[in-house]
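Letter by letter, the chains look like this.
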Amino acid sequence: MAHYRSDYGTVPGTLYVEVGRSPTGDLTISGQHLWSGGEYEYAITVRLAELPALVAACGGEPGGDPWALVTQQLDALVGQGEQTWLQEHGIESTLWTHADYD
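Residues numbered from 1 in each chain as written. Predicted model: local features only at pLDDT ≥ 70, side-chain atom pairs only at ≥ 80, totals over all residues. Heavy atoms only, no water.

(A) Fine view of the pairing of strand β3 (residues 27-35). By the bridge criterion, 9 bridges tie β3 to strand β4 (residues 38-46) in an arrangement that is antiparallel. Residue T28 lies in a different strand from β4, and its bridge partner there is T45. Here β3 folds back onto β4, and the loop between the two strands holds 2 residues. (Pairing = 2+ DSSP bridges. Helix = DSSP H or I, 4+ residues; strand = E, 2+ residues; numbered from the N terminus.)

Structure representation (structure tokens):
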């Protein structure tokens, strides 16, 4: 799990991000942004069928390990916004979010 200090305008806090694998083999990127007034959680899922495109977008060889490649490039993805990065590379994904704050 990666741990980032963040300062998004008026919402400083800590962001935890983890790359994982679902039971069906999909790649997941899960995050939790904590600050003094609450939290924001998200989960991005890249389906198994999209993983070859993800490997290519990360500069990997065909058949490369998408989990390792995304983990290696996680700073860049988080810095740009994971969902934005995926969309710019034409990779379909789903997004789940939950917010709890004052």
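(B) Representation of the pattern of salt bridges within the structure. Per the stated rule, a full pass over the model turns up 1 salt bridge. Note that D26 and R47 form a salt bridge whose closest N and O atoms lie 2.8 Å from each other. Taken together, the residues D26 in the loop between β2 (11-21) and β3 and R47 in the loop between β4 and α1 (51-57) connect sequence positions 21 residues apart. On the accessibility criterion, R47 (46% relative accessible area) is partly exposed. (Salt bridge = Lys/Arg side-chain N within 4 Å of Asp/Glu carboxyl O. Buried < 20%, exposed > 50% of the residue type's maximum accessible area, 1.4 Å probe, protein only.)

(C) Just the nonpolar core, in detail. One finds L27, L54 and V70 to be the most contacted residues of the largest nonpolar core, which totals 20 residues. Where this core is concerned, the elements lending two or more residues are β2, β3, β4, α1, α2 (66-72), α3 (74-80) and α4 (82-88). Once you skip the residues sitting within four places of it in the chain, V70 turns out to touch V19, L27, I29, L54, C58 and L77. (Core = buried A, V, L, I, M, F, W, Y, C linked by side-chain atoms within 4.5 Å. Contact = heavy atoms within 4.5 Å.)

(D) View of the packing of aromatic side chains. One pass over the structure, following the stated rule, counts 1 aromatic pair. It is R21 that lies over the ring of W67; its NZ or CZ is 3.5 Å from the centre. (Phe/Tyr/Trp six-rings, centres within 6.5 Å; stacked < 30°, edge-to-face > 60°. Lys NZ or Arg CZ within 6 Å of the ring centre and 35° of its normal.)

(E) Structural detail: the environment of E92. In this fold, E92 is placed in the loop between α4 and β5 (94-101). Taking the C-alpha atoms as reference, E92 lies 9.8 Å from L51; in sequence the two are 41 residues apart. Leave out the neighbours within four places in its chain, and E92 touches T45, V46 and E50.

Function cannot be inferred from these measures alone, as they are strictly geometric.
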